[in-house]
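Below, each chain spelled out in residue letters.
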Amino acid sequence: MTDDSVPAPSPSGYPYVAGQIILYGVDLNDANQVATLDVGLPGQTALQIRLGGPTQITGSTVLAYGYAFDGHCYRFDSNRIFIVTGPNAEPAVGCGFDRVAGYQMWRIGSAEQMLEISTTLGDAKTLILDSQLPGKRSPTSYAITLRTAHRNGRLSND
């Protein structure tokens, strides 16, 4: 194991915090807590993300490059965008992200609720029709049926 694959130490001083995930990336929010994403549409259009509601919610729109879990560092296969509402960002330490200024890290619990933003640019045929072809759908979209044997109209074996 080399030095660039060592995750950040625990703030509590203990070497291990069960269920903690350290997310490494950059915060896309500006001073007004608005994240602006160039999604590839013509005419310099952009997608803006702001958390709002009846209660004041503060969070970070994170462009994540990697994470650490159970003492190991991992990289995502492609950059992912998450909205993290729990912890505040800290300067990045460990996993090689502390070598370049600008990276931050978020310490989150494995059961913490997050939102992932997925952007895909394409024509309607690709995004709607082709994505619904068999084999390309998520497994949860297929019908699941349960068949029970006939028991003379009873629902139990009593």
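So, here is what we can say about the structure in this document.

## Description of the state of the cysteines
Then comes step 1: Within the structure shown, the criterion is met by one disulfide.
Then comes step 2: In this model cysteine 73 forms its disulfide with cysteine 95; the gap between the sulfur atoms is 2.0 Å. Disulfide cysteine 73-cysteine 95: torsion about the S-S bond near -80 degrees, hence left-handed. One end of the pair, cysteine 73, is in strand β5 (residues 72-84); the other, cysteine 95, is in the loop between β6 (90-91) and β7 (104-109), and 22 residues separate them in sequence.

## Observations regarding the pairing of β5
Then comes step 1: Of the pairings in the sheet, the one linking strand β4 (residues 60-69) to β5 comprises nine bridges and is antiparallel in character. Within the sheet, the bridge partner assigned to valine 62 lies in β5 and is phenylalanine 82.
Then comes step 2: A loop of two residues connects β4 with β5, the two strands running antiparallel in sequence, and aspartate 70 in this loop sits at a positive phi of about 50 degrees.
Then comes step 3: Looking at chain direction, β5 and strand β8 (residues 115-117) are connected through three bridges and run antiparallel. Across the sheet, residue phenylalanine 82 finds its bridge partner in β8, namely glutamate 116.

## A word on the sheet that holds β6
Sheets are built from strands paired through backbone hydrogen bonds, the pairs being either parallel or antiparallel.
Then comes step 1: Strand order in the open sheet made by the six strands is β6-β7-β1-β4-β5-β8, with antiparallel pairing throughout. Taken across any chain shown, the strands that pair with only one partner, and hence form the sheet edges, are β6 and β8.
Then comes step 2: The pairing of strand β1 (residues 20-27) with β4 spans seven bridges and is classified as antiparallel. In the strand pairing of β4, valine 26 is matched with leucine 63.

## Observations regarding unusual backbone geometry
Then comes step 1: Here glutamine 33, not a glycine, exhibits a phi torsion of approximately 65 degrees, which is positive.
Then comes step 2: With respect to the helices, strands and loops of the structure, glutamine 33 is situated in the loop between β1 and β2 (35-37).
Then comes step 3: Within the chain, aspartate 70 stands out as a residue other than glycine whose phi angle is a positive 50 degrees.
Then comes step 4: Of note, aspartate 70 is situated in the loop between β4 and β5.
Then comes step 5: Judged by its relative accessible area of 40%, aspartate 70 is partly exposed.

## Quick look at the pattern of salt bridges
Then comes step 1: Per the counting criterion, the structure on display carries three salt bridges.
Then comes step 2: A salt bridge links arginine 80 to glutamate 116; the shortest N-O distance between them is 2.9 Å. You can see arginine 80 sitting in strand β5 and its partner glutamate 116 sitting in strand β8, a full 36 residues away along the chain.
Then comes step 3: Taking relative accessible area as the criterion, glutamate 116 reaches 39% and is therefore assigned partly exposed.
Then comes step 4: In this structure, the salt-bridge partner of arginine 107 is glutamate 90, at a minimum N-O distance of 3.1 Å. With arginine 107 in strand β7 and glutamate 90 in strand β6, this pair connects stretches of sequence that are 17 residues apart.
Then comes step 5: A residue is classified by how much of its surface remains accessible, and arginine 107, at 13% relative accessible area, is buried.
Then comes step 6: Take glutamate 90: its relative accessible area is 27%, and that puts it in the partly exposed class.

About the criteria used
- Residues numbered from 1 in each chain as written.
- Predicted model: local features only at pLDDT ≥ 70, side-chain atom pairs only at ≥ 80, totals over all residues.
- Heavy atoms only, no water.
- Disulfide = S-S within 2.5 Å.
- Helix = DSSP H or I, 4+ residues; strand = E, 2+ residues; numbered from the N terminus.
- Pairing = 2+ DSSP bridges.
- Buried < 20%, exposed > 50% of the residue type's maximum accessible area, 1.4 Å probe, protein only.
- Salt bridge = Lys/Arg side-chain N within 4 Å of Asp/Glu carboxyl O.

From the geometry alone we can't say anything about function, so treat these as descriptive.
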